[in-house]
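One-letter residues, chain by chain:
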Amino acid sequence: MLNMDPNEIEQKLLPQARIVGNMEGETVVCATDQLIEEEPQYTHIHQNEFSYRRHKKPEEEDIVICECKYDEKDPESACGERCLNVLTSTECTPGYCPCGVYCKNQRFQKCEYAKIKLFKTEGRGWGLLANENIQAGQFIIEYCGEVISWKEAKKRSHAYEIGGIRDAFIISLNASESIDATVKGSLARFINHSCQPNCETRKWNVLGEIRVGIFAKQDILVGAELAYDYNFEWYGGVKVRCLCGAPSCSGFLGAKSRGFQGDASSRGSGVGSDTAMDSTIQSSTHEVDTSTRGSEVDSECVMDFTSEFTTYEIFKSRESLMLWAREAGKRNGFVVVTVRSDLGGKSLKPRVTLGCERGGKFKVHKERCDKGGKQRCGTGSKKCSCPFTLKGEKLTTGDGWMLNVVCGVHNHALTETLEGHSYAGRLSEEETSLLIDLSKSLVRPKEILNKLKQRDSLNVTTIRTIYNARQRQRVKDKAGKSQMEQLLSKLNEHNYLEWHRSCPISESMLDLFWAHPVSLELLRVFPTILMMDCTFKTNRYRYPLLEIVGVTSTNMTFSIAFVYLDSEKEDNYVWALNRLRDLLDGCAMPNVIVTDKDLELMRAVETVFPSARHMLCKWHINKHVFAKCRNLFESKDKWDRFIMKWNFLVTSPTEEDYIQELAVLHSEFSTYTEVLDYVTNTWLNPFKDRFVSAWTDMIMHFGNVASNRAESSHSKLKRQLGLSQGNFEGSFEKIHALLELQHSDIKASFEKCLMFKLSTSIEIDDLHCGCVIRRTHGLPCAHEIAKCKKDCRPVPLESVEPHWRKLHMSPPSDLINSTMDVNEFPELELLQQYFFKTSPDNRLMLRKRVRELVPSLATLVEPKVKSRTRGQLKDMSIQKKASAIELIQSASVDSLSPSVTRDTMEVLEKSTHKQTGPMKEKVYRTLSAKIMSYIDSFPAGLGPYIDQVKDVCDDGNCGFRAVADLVGLGENAYLQVRNDLLTELSSYSAHYGELYGSAERVRELAQSLSFFNEGRAPFDRSMTMPDMGHLIASCYKIVLFYLSATQCLTFLPLRSTPVPLPMRRHIAVGLVNDSHYVEVFLKPGHPV
């Protein structure tokens, strides 16, 4: 049995093939009907083998995770028929399924086959029979073989023919691949055809690969033969008698196909034998002369389908008539469309005219023609004036409708498949409703398409139709709102607490803070410890996403708030944490906050929550130590010894033990000076009280000494998002669904933890108890429990920290009972008084701020896509040459200045001679000389007026980076500066042509600015002065100072009106070493 795809099969594929056919979901070509007398010779395999490509490994973002929860009382809960993956014919992925080892949706992977047996049939070769009772819908066996390409399938079919192999087993897997079970395969290759089958084939998605399985259509008793309907589509040649013996047997294989019936009635499909075609042409000659006169009918390809649409049925409605006609068209290989429809009037009956989708003529529009009136290349149409016409009319009496055939002739060849025909692939109302429901459940488009095709075997919808339908629904839901308006509306709809701030000039969003109302209740109940961390690659705008999480009394993590940040700077963090503090107004403040070593975030925490104890994540610290020090050890044993001693040091229970372990570490690894300097100066000296147990064991942190809860929440979040290029509004929908599930799990954990059980095997006295549990967890330690047990009394509830006694989500009573009326806001009256007293400009500003508070009135604009994702702060010294800012940070941990001054250079110069080791001495000497050369590159007279010099990345974009940072966009927004300058140049090209003296120079500058690739820019695409100075000053309406050793220039805006001196904005860039731009900060009162 050779299985092929009907879309690409040709008669020349198998010249002497006895049967050519189309199986439901696959296509089958049977090369012979001979009987098999000898034992079958083949290699048995249990899974597909890949010969021309590697097995696909699913990416983590493509793994579909179901929402099933295993319940011992309900075995079907473990991925049964209600499982989302089962509904979409997708097997669960091990390690990701919530049901774990209890998952029942891994039948292909575990080879959970039914018991079957190979036997010799009477006159039909080998077959398979059931060796046990099989239930309807049960998975029987997988059709396995070698996965090969379509071209290889054609080659093998010819090779089998030449080699004398009369029976080939090739089944179509998809549009480009096939499964060849001729040499290697499973027992499924022996299942025979039947016109009344008890089995069927289904395609499943298993670990990213499409696999074919045999499933039972009905209950099958033990000893019954297994068979499925091949559904052959006969295209011509010798007719082969069917030997299935079923009561409803059609007699021949492919007898129900269009080509077979056309051959018998002289109304062929146009693809049959020569005799059938000749008969078709002769029988329709008269109709061509009468019904198609004046049309572009090709007399060499005429097919009459009058009898197929001749019916005396009375239809109940117009819709039922149109549905019948369209289904008849699909069966015969063409699409029936509505040409015109008339609802009727006083003297006219309601009627509808139907026709072929290729009817009518293509009209060339004027915009598609060039000036000469000729049609442009690349235009075309499927219309060929097909005369096929049907007419439906409402009966004079009653509500019935009748269909008449006006012209049943087609003047074109029929298609073998309707895939790709937009009209035939339209979704019905029921299918559209299902698509909307599955989309809201976050089902992927390809899974939605698979579900639709499983529901209807004749469905010819394509993936493009699914995408278009989803897009139309999104547009409908937005109701004309912008993306940010839609986001704010949804936040308000679900009662989220939301703050945002925007750019005062462009009104684009800078930072966005939002928190779920249930998360706010959990925060007020469990405010003791917070963990926060940023994650990246969650949106197309490349905004970092700050997630703040907490922990409940049942040791479950809950998300408190999400913050989209414009950048990872202290100002952004302070704004976000102030919003968090506002949520806790009137409630207890956090006692412990855990983060990683993000200096900007650490400073923000100290500013907003000065009373909270700040801890650093031990896991991140160990990760940094491993990355920095692992390669500095010559052997694995030495490295393992160091890690063991390091862990002893970090987990020291007391300060005395810490001092002792530190001395042991220094003495044992004294030769590894670089390692000791790193761990001592980077971690121990400045931050030991934030992660070493001797200090952290004095803090009640409930066992949370790392930010792993935030990292775990990031992982769940990214799996839920599925992609890294989504917008804010789409990401919110998925995050909201994730939060709803999270809150349900937390409520369930409260119900399961209403009993407090104590251990009965504690025999320890207070002399051996360090009371660490009491200090860190707020729970009775060993000696307290032992004493209560000795006195035969229960552990008093007051000895347990209130955090563990809360098994609810209710906020404090004063917050529940507090209700406010609009008349209780004295601030509104003060605001009104201020509005009448202030100036008109302030009134406009006040009105704008008030509008931002109402989601329906907010004018927030989505931000521009950033050029690069900055990510977390890394040790840049190992990636590129250290700049001035990196030199300062390496010289002192507490030095956080973003610039270089003469005072700091003197300190660095002195520290250069104190460094030990040739490597560091070489680096500091080079960097010190580099910084000094930056200062010396400017005229000596300007030296006393230069306050700071800041270096930028030297990648050919240094000039644009310096301008971007100076105007407040950030150094990484250099591509935006290029785009702004290019827009300025193109908008006023005539003015700049006069300024530069020629239009050629304008084109050269435009070409130089038109470089938007990430990475190093070529020399001819870098910034050039003084021509680009005019563009910068005019585009950003600033005064630009350009400093270099050869010339110093001042650029003023060309079009803006003068402003008072105190309000004037000015920036300065400097050219050093004749090729590198830096940022220059001048002291107040400078002569320029």
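For the structure, see preceding data.
All values derive from a computational prediction rather than experimental measurement.

1. A closer look at the overall build of the protein chain
Consideration 1: Tallying secondary structure elements over the protein chain gives 36 helices and 33 strands in all.
Consideration 2: Residue pairs in contact within the protein chain that sit at least 24 positions apart in sequence constitute 66% of those at least 6 positions apart.

2. Some thoughts on the environment of Leu487
Consideration 1: Relative to the elements of secondary structure, Leu487 occurs in helix α12 (residues 483-493).
Consideration 2: Taking relative accessible area as the criterion, Leu487 reaches 2% and is therefore assigned buried.
Consideration 3: Excluding anything up to four places from it in sequence, Leu487 contacts Leu512, Phe728, Glu729 and Phe732.

3. So, the side chain of Thr554
Consideration 1: Structurally, the position occupied by Thr554 is in the loop between β25 (545-551) and β26 (557-564).
Consideration 2: Only 2.9 Å separates the side chain of Thr554 from the side chain of Thr552, close enough to count as a polar contact.
Consideration 3: Apart from residues no more than four positions distant in its own chain, Thr554 is found in contact with Ser749, Phe750, Cys753 and Leu807.

4. Digging into the packing of α12 against helix α22 (residues 728-752)
Consideration 1: Put simply, α12 and α22 touch, their axes get as near as 8 Å, and they point 25° apart. One finds that α12 runs roughly parallel with respect to α22. Of the residues in α22, those in contact with Gln483, Met484, Gln486, Leu487, Lys490 and Leu491 of α12 are Phe728, Glu729, Phe732 and Glu733.
Consideration 2: Of the residues assigned to the contact of α12 with α22, the class counts are 5 nonpolar, 2 polar and 3 charged.

5. Observations concerning helix α8 (residues 318-332)
Spacing of three or four residues puts side chains on the same side of an α-helix, whose turn is 3.6 residues.
Consideration 1: With 15 residues, α8 extends 22 Å from end C-alpha to end C-alpha; this agrees with the ideal 21 Å at 1.5 Å per step.
Consideration 2: Three or more residues of α8 are buried, namely Leu321, Met322, Ala325, Ala328, Gly329 and Asn332. Looking down the long axis of α8, one finds its buried residues gathered within 125° of arc, a one-sided arrangement. α8 presents Leu323 and Arg331 as exposed residues on the side facing more than 90 degrees away from its buried surface.
Consideration 3: Gly333 lies just past α8 and shows a positive phi near 95°.

6. Examining the packing of aromatic side chains
Consideration 1: In total, this model carries 36 aromatic pairs according to the counting rule given.
Consideration 2: Aromatic side chains Tyr564 and Phe728 sit 4.4 Å apart centroid to centroid with 40° between the ring planes, which places their arrangement in the tilted category. Taken together, the positions of Tyr564 in strand β26 and Phe728 in helix α22 put the pair 164 residues apart, joining distant regions of the chain.
Consideration 3: One aromatic cluster is present, built from ring pairs that chain together Phe305, Phe309, Phe315, Trp324, Phe334 and Phe388.
Consideration 4: Arg107 extends its terminal NZ or CZ atom over the ring of Trp204, reaching a point 5.2 Å from the ring centre.
Consideration 5: Here the guanidinium or amino end of Lys120 rests over the ring plane of Trp126, the centre of that ring lying 5.3 Å away.

7. Let's talk about helix α9 (residues 429-440)
Consideration 1: The terminal C-alpha atoms of α9, which comprises 12 residues, lie 17 Å apart, in line with the 16 Å expected from a rise of 1.5 Å per residue.
Consideration 2: Within α9, the full set of buried residues consists of Glu431, Leu434, Leu435, Ile436 and Leu438.
Consideration 3: Phi turns positive, to about 65°, at Leu442, one or two residues after α9.

8. A few points about the side chain of Lys618
Consideration 1: When you line up the elements, Lys618 lands in helix α16 (residues 618-629).
Consideration 2: This buried residue, Lys618, is left without a salt bridge; Asp697 holds the nearest opposite charge, at 6.1 Å.
Consideration 3: A distance of 3.5 Å separates the side chain of Lys618 from the backbone oxygen of Phe691, its partner in a polar contact.
Consideration 4: The residues touching Lys618, leaving out its near neighbours within four places in the chain, are Val650, Phe691, Ser693, Val705 and Ala706.

9. Overview of the environment of Val1078
Consideration 1: Within the secondary structure, Val1078 is located in strand β33 (residues 1076-1082).
Consideration 2: Separated by 125 residues in the primary sequence, Val1078 and Cys953 place their C-alpha atoms 9.2 Å from one another.
Consideration 3: If near-sequence neighbours (up to four positions away) are discounted, Val1078 is found in contact with Tyr934, Phe938, Val949, Lys950, Asp951, Ala962, Val1069, Gly1070 and Val1072.

10. What to know about a nonpolar patch on the surface
Consideration 1: Residues Leu828, Leu831, Tyr834 and Val850 make up a contiguous nonpolar surface patch of roughly 340 Å² in combined accessible area.
Consideration 2: Top contributing element to the nonpolar patch by residue count: helix α27 (residues 826-837), with 3 residues.
Consideration 3: By secondary structure assignment, the location of Leu828 is in helix α27.
Consideration 4: We classify Leu828 as partly exposed; its relative accessible area is 45%.

11. So, the state of the cysteines
Consideration 1: Using the criterion set out here, one finds 0 disulfides in the structure.
Consideration 2: Cys144 provides the cysteine sulfur closest to Cys111, a residue in no disulfide bond, and the two sulfurs are 7.2 Å apart.
Consideration 3: Relative accessible area serves as the criterion here: at 33%, Cys111 is assigned to the partly exposed category.

12. So, the sheet that holds strand β4 (residues 49-50)
Paired through backbone hydrogen bonds, the strands of a sheet run either parallel or antiparallel to each other.
Consideration 1: Pairing in this open sheet of 4 strands is mixed, and the strands run β4-β8-β10-β9 from one edge to the other. A single partner strand is all that each edge strand has here, and the edge strands are β4 and β9 (170-172).
Consideration 2: Pairing between β9 and strand β10 (residues 177-180): 3 bridges, direction antiparallel. Along β10, the bridge assignment pairs Ser172 with Ser178.
Consideration 3: Across the sheet, helix α3 (residues 150-162) lies against β8 (146-149), β9 and β10, angled at about 105° from β8, the strand it touches most.

13. Here's the deal with the environment of Gly392
Consideration 1: As for its position among the elements, Gly392 is in strand β19 (residues 389-394).
Consideration 2: In this structure Gly392 comes out as buried when scored by relative accessible area, which is 0%.
Consideration 3: Measuring from C-alpha to C-alpha, the distance between Gly392 and Arg318 comes to 7.8 Å, with 74 residues separating the pair along the chain.
Consideration 4: Excluding residues that lie within four positions of it along the chain, Gly392 makes contacts with Leu321, Pro350, Arg351, Val352, Trp401, Met402 and Leu403.

14. Thoughts on the nonpolar core
Consideration 1: Counting 38 residues, the largest nonpolar core has Phe513, Met532, Leu546, Ile560, Leu577 and Leu580 as the members making the most contacts within it.
Consideration 2: Elements supplying a minimum of two residues to this core: β23 (509-515), α13 (517-525), β24 (529-535), β25, β26, α14 (570-583), α15 (599-608) and α22.
Consideration 3: Other than its neighbours up to four places away in sequence, Met532 contacts Leu546, Glu547, Ile548, Leu577, Leu580, Ile593, Val594, Thr595, Leu601 and Val605.

15. Section: the pattern of salt bridges
Consideration 1: Inspection of every chain in the model, using the stated rule, returns 30 salt bridges.
Consideration 2: Between Glu606 and Arg690 there is a salt bridge; the shortest N-O distance is 2.9 Å. Highlighted residues: Glu606 in helix α15 and Arg690 in the loop between α19 (673-687) and α20 (693-696), separated in sequence by 84 residues.
Consideration 3: By relative accessible area, which is 15% here, Arg690 ends up buried.
Consideration 4: Ionic pairing is found between Asp955 and Arg961, a salt bridge with its closest N-O pair at 3.0 Å. Each member of the pair, Asp955 together with Arg961, is buried.
Consideration 5: One salt-bridge network, in which partners are shared between bridges, spans Glu146, Glu152, Arg156 and Asp180.

16. A closer look at the pairing of strand β13 (residues 199-206)
Consideration 1: The pairing of β13 with strand β14 (residues 209-216) spans 8 bridges and is classified as antiparallel. Its bridge partner being in β14, Glu200 is matched across the sheet by Phe215.
Consideration 2: Where β13 hands over to β14, the hairpin turn is made up of 2 residues, of which Leu207 adopts a positive phi near 55°.

17. Structural notes on the sheet that holds strand β32 (residues 1066-1072)
Consideration 1: If you trace the 5 strands from one edge of the open sheet to the other, you get β29-β33-β32-β30-β31, paired in mixed fashion. Every other strand in the sheet has two partners, leaving β29 (946-950) and β31 (1049-1051) as the edge strands with one partner each. Sheet twist, expressed as the mean angle between neighbouring strand axes with direction ignored, is 30°.
Consideration 2: Sheet analysis places strand β30 (residues 1039-1043) next to β32, joined by 5 bridges and oriented parallel. Paired with Leu1040 across the strands is Ile1067, a residue of β32.

18. Considering the pairing of β33
Consideration 1: β33 sits mainly inside the fold: 5 of its 7 residues count as buried.
Consideration 2: The sheet contact formed by β29 and β33 spans 4 bridges and is antiparallel. The partner of Val949 across the bridge, within β33, is Val1080.
Consideration 3: For β32 and β33, the ladder comprises 5 bridges, and the chain directions are antiparallel. Opposite Val1069, over in β33, you have Glu1079 as the bridge partner.
Consideration 4: The turn linking β32 back onto β33 is made up of 3 residues, and Asn1073 within it adopts a positive phi angle of 55°.

What counts as what
- Residues numbered from 1 in each chain as written.
- Predicted model: local features only at pLDDT ≥ 70, side-chain atom pairs only at ≥ 80, totals over all residues.
- Heavy atoms only, no water.
- Helix = DSSP H or I, 4+ residues; strand = E, 2+ residues; numbered from the N terminus.
- Contact = heavy atoms within 4.5 Å.
- Buried < 20%, exposed > 50% of the residue type's maximum accessible area, 1.4 Å probe, protein only.
- Polar contact = N/O pair within 3.5 Å; in protein donor to acceptor, adjacent residues only side chain to side chain.
- Axes fitted to C-alpha atoms, helices over the stretch in contact; angles between N-to-C directions.
- Parallel < 35°, antiparallel > 145°, perpendicular 65-115°, else oblique.
- Nonpolar A, V, L, I, M, F, W, Y, C, P; charged D, E, K, R; others polar.
- Expected span 1.5 Å × (residues − 1).
- Arc of directions from axis to C-beta.
- Phe/Tyr/Trp six-rings, centres within 6.5 Å; stacked < 30°, edge-to-face > 60°.
- Lys NZ or Arg CZ within 6 Å of the ring centre and 35° of its normal.
- Lys, Arg positive; Asp, Glu negative; His and termini not counted.
- Salt bridge = Lys/Arg side-chain N within 4 Å of Asp/Glu carboxyl O.
- Patch = residues over 30% accessible without salt bridge, like charges linked within 9 Å, V, L, I, M, F, W, Y side chains within 5 Å.
- Areas by Shrake-Rupley, 256 points an atom, 1.4 Å probe, with all protein chains shown as cover.
- Disulfide = S-S within 2.5 Å.
- Pairing = 2+ DSSP bridges.
- Core = buried A, V, L, I, M, F, W, Y, C linked by side-chain atoms within 4.5 Å.

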